[in-house]
Amino acid sequence: MSKKVIWTPQPKQRIALSRGEDEMLYGGAAGGGKTDYLVVEAARQVNIPEYRGLILRRAVPDLARIIDQTRAIYPSIDRGARYNATTRVWTFSSGAQIKLGSLFRTNEKYKYQGQQYDFIGFDELTQFTFDEYSYLKSRNRGNCKATKVYMRSTANPGGVGHGWVKQYFVTAGTPGETIWLSDKVIMPDGTTKNYWSSKVFITASVFDNNALMNNDPDYVKRLAQLPEAERNALLYGSWDSFEGQVFTEWIDNREHYKDRRWTHVIEPFKIPQSWRIIRSYDWGYTRPFSVGWTAVDQDGRFYRIRELYGCKKNQPNTGVRWPIEKVAQVILAIENNDPQIKGRQIYGVADPAIFAEQGSGKSQAATHAQLGVFWNKGDNARLAGKMQFHSRLAFDEEGYPMFQCFNTCTNFIRTIPNLVYSQIDTEDIDTEGEDHIYDEQRYGFMTSIITPKEVVLRNARAFDPLNISQTRYYR
Ligand SMILES: Nc1ncnc2c1ncn2[C@@H]1O[C@H](COP(=O)(O)OP(=O)(O)O)[C@@H](O)[C@H]1O
Ligand SMILES: [Mg+2]
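What you are looking at is a predicted structure, and each value in this text was computed from that prediction instead of being measured.

Peer 1: Any chance you could explain the overall build of the protein chain here in plain terms?
Peer 2: Check the secondary structure of the protein chain and you find 13 helices and 18 strands. Its C-alpha atoms give the protein chain a radius of gyration of 25 Å, within 12% of the compact-globule value 23 Å for 475 residues. Projected onto its principal axes, the C-alpha coordinates of the protein chain cover approximately 90 × 65 × 35 Å. Here the protein chain, with 475 residues, has 39% of them falling under the buried criterion.

Peer 1: For this particular structure, what's the right way to read the site of ligand 1?
Peer 2: As a matter of local geometry, ligand 1 sits amid 16 residues, with Gly 33, Lys 34, Thr 35, Asp 36 and Ala 211 nearest to it. Tallying contributions element by element places helix 2 (residues 34-42) first for the shell around ligand 1, with 3 residues. Residue composition of the shell around ligand 1, grouped by class: 5 nonpolar, 9 polar and 2 charged.

Peer 1: When you look at the sheet that holds strand 3 (residues 82-84) in this model, what are you seeing that I'm missing?
Peer 2: Two orientations exist for strands paired in a sheet by backbone hydrogen bonds: parallel and antiparallel. Pairing is mixed in the open sheet, where 9 strands are placed in the order 3-4-5-2-6-7-1-9-8. For this open sheet the edge positions go to strand 3 and strand 8 (179-186), each flanked by a neighbour on one side alone. Adjacent strand axes in the sheet meet at a mean angle of 15°, parallel and antiparallel pairs treated alike. Of the strand pairs in this sheet, strand 2 (residues 52-57) and strand 6 (residues 119-122) are connected by 4 bridges, and their pairing is parallel. By the bridge assignment for strand 6, Ile 55 is matched with Gly 121.

Peer 1: Hey, could you run me through helix 1 (residues 11-18) in this one?
Peer 2: Each turn of an α-helix holds 3.6 residues, which means side chains three or four residues apart point in the same direction. Regarding helix 1, the residues found buried are Lys 12, Gln 13 and Ala 16. Down the axis of helix 1, the smallest arc covering the buried residues is 100°, so these residues share one side. Opposite the packed face of helix 1, turned more than 90 degrees from it, sit the exposed residues Pro 11, Arg 14 and Ser 18. Buried residues in helix 1 make contact with strand 1 (23-27), helix 2 and strand 9 (192-203).

Peer 1: How should the environment of Pro 11 be read in this particular structure?
Peer 2: Assignment of secondary structure puts Pro 11 in helix 1. The spatial distance from the C-alpha of Pro 11 to the C-alpha of Gly 27 is 13 Å, given a sequence separation of 16 residues.

Peer 1: Would you mind going over helix 4 (residues 130-138) with me for this structure?
Peer 2: Every buried residue belonging to helix 4 is among Glu 132, Tyr 133 and Leu 136, and all of these are buried. Mapping the buried residues of helix 4 onto a view down its axis gives an arc of 100°, with all of them on the same face. Residues of helix 4 that are buried sit in contact with strand 6.

Peer 1: I would appreciate a short explanation of the sheet that holds strand 15 (residues 376-377) in the present structure.
Peer 2: Taken in spatial order, the 7 strands make up an open sheet running 10-16-13-12-11-14-15, and their pairing is mixed. One side of each edge strand has no neighbouring strand; the edge strands of this open sheet are strand 10 (265-266) and strand 15. Direction of pairing for strand 10 relative to strand 16 (residues 403-406): parallel, over a ladder of 2 bridges. Bridging from a neighbouring strand, Val 265 pairs with Cys 405 of strand 16.

Peer 1: What's the story with the nonpolar core in this structure? I'm lost.
Peer 2: Considering soluble globular proteins, one finds that nonpolar side chains tend to be buried as a cluster. In terms of nonpolar packing, the biggest core is built from 45 residues, with Ile 305, Ala 350, Trp 375, Phe 406 and Leu 419 touching the most fellow members. Dropping the residues within four chain positions of it, Phe 406 is found in contact with Ile 266, Pro 268, Tyr 303, Arg 304 and Ile 305. Counting residues in each nonpolar core, the second largest holds 43 residues, with Tyr 112, Phe 119, Val 200 and Phe 201 among its members.

Peer 1: Looking at this structure, how should I read the domain arrangement of the protein chain?
Peer 2: Interface size is commonly expressed as the accessible area that is lost once the parts come together. Domain annotation for the protein chain reports domain 1 (11-234) and domain 2 (254-456). Each of domain 1 and domain 2 has a C-alpha centre, and the two are 36 Å apart. Taken together, the contacts link 10 residues of domain 1 with 9 residues of domain 2. Ranked by the residues each element gives to the side of domain 1 that touches domain 2, the list is headed by helix 5 (residues 162-170), at 6 residues. For the side of domain 1 that touches domain 2, a count of residues per class yields 4 nonpolar, 5 polar and 1 charged.

Peer 1: Even after reading the chapter, I still don't get unusual backbone geometry, so can you show me in this structure?
Peer 2: Across the chain, the bulk of peptide bonds are trans and the bulk of non-glycine residues have phi less than zero. Look at Arg 88: it is not a glycine, yet its phi comes out positive at around 55°. For Arg 88, a count of 18 C-beta atoms within 10 Å corresponds to the partly exposed category.

Peer 1: Looking at this structure, I do not really get the pairing of strand 6. What am I missing?
Peer 2: Regular strands have side chains that alternate between both faces of the sheet. Burial along strand 6 is two-sided: the residues Phe 119 and Gly 121 and Ile 120 and Phe 122 are all buried. Sheet analysis places strand 6 next to strand 7 (residues 150-155), joined by 4 bridges and oriented parallel. What sits directly across from Phe 122, in strand 7, is Ser 153. Handedness of the strand 6-helix 4-strand 7 crossover: right-handed.

About the cut-offs
Residues numbered from 1 in each chain as written. Chains lettered and ligands numbered in written order. Predicted model: local features only at pLDDT ≥ 70, side-chain atom pairs only at ≥ 80, totals over all residues. Helix = DSSP H or I, 4+ residues; strand = E, 2+ residues; numbered from the N terminus. Rg over C-alpha atoms; globule rule 2.2 N^0.38 Å. Buried ≥ 20, exposed ≤ 12 C-beta atoms within 10 Å, placed from the backbone. Near = placed C-beta within 6 Å. Nonpolar A, V, L, I, M, F, W, Y, C, P; charged D, E, K, R; others polar. Pairing = 2+ DSSP bridges. Axes fitted to C-alpha atoms, helices over the stretch in contact; angles between N-to-C directions. Arc of directions from axis to C-beta. Contact = placed C-beta atoms within 7 Å. Core = buried A, V, L, I, M, F, W, Y, C linked by C-beta atoms within 7 Å. Domains from an automatic or database assignment. Right-handed = clockwise from strand over helix to strand, strands pointing away.

This is the structure:
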């Protein structure tokens, strides 16, 4: 009797299925066979009775395609496989189970508390926050000795998780190469032990999906017709531009770091003694805090020359939990030592929330003032602040914007292009993202409001047939 072939992996799916890293991101573009891969990967250990797998999507309606795909594949793998549409759990003849779950609000992560899954698969990981991913990682535990314990994710560029997913998987190494991380753990006997973990990014795009290319040759055409940012993201897997990005005008061009034209990132230069310094601050404890020093020239142009970002290493969007006194002390140390800042007139502006009285009856601003770090209340008008960002990033005819950033301010450079629009308040930034440096710089900008300009586009980035004048206004 000839065997019936249920599903054959395509070359990139085969590579993904062959890898043994603890964590993987598969895809990075549209149509790479990501969901198919995840559904098959989840089912590899269903012969082990204790095995528990979990496939996650953000919202329940998004699970529809996964459910269809599991219905198409799982009964052929195991004739005894049964799906319970109420609990969304597949139970296999061995007793093994795969749950198809959702995690719409961050607090819903606790519904997976007390569960342990040998396999966890995130479909469309960029729709999740790093916190949610980390929390679920703590639920990734073996239910018996026989199972392999690991996590797999798929994603397109874009979405609120774009920034951390890019940092965690895409730019952390070279696609296809194993990235090793070690964590030191202090053992009960006081000795330290290194624990190694591994992750990898396997790229796949529509060009790696022959099934789709054959069934629907026009799919590529439809992707090609998208506006440039989305086309680059979804068709070519570029993580530099994507739908929903707020600061599409952001340009980081190394070739112009020295001449400072048509780029927002520049090489540090010596700040003339007469220039003022604005020090801006957004406080955070469990979330990162951010301090920025911006020099202001005689024309009112801003240069971000230094930053202090309180983010835990290798844990995107997680605060260092410094006591507020320590923040002030480190600010003072920088201001007493940095030759670009030392001895100058400094104007401090901060998140107005730090003026609220704490449990002790004293505000953070008052505590800082006692230590010699003075703050003024920042203007927290969110949309006005966002317009100031756009206005200051706009280039004049010569290619000079009203704001530039030293290439040493790496956290600003990393986070600003990753900000996305909120799904709820479509004019504003999604505050689930890593927006602390943005907020901090916004308070700085609001100290000196400039009038919005028409944006000059040098090489128009987005091809928009309706955009005849090659100028663009922001929504
Ligand atoms: N190995 C495969 N064999 C046959 N069809 C496949 C295979 N992998 C993907 N496909 C088909 O290609 C299409 C797109 O795959 P999908 O997994 O939905 O891609 P993505 O999640 O990356 O958008 C679907 O119709 C899917 O069934
Ligand atoms: Mg998919």
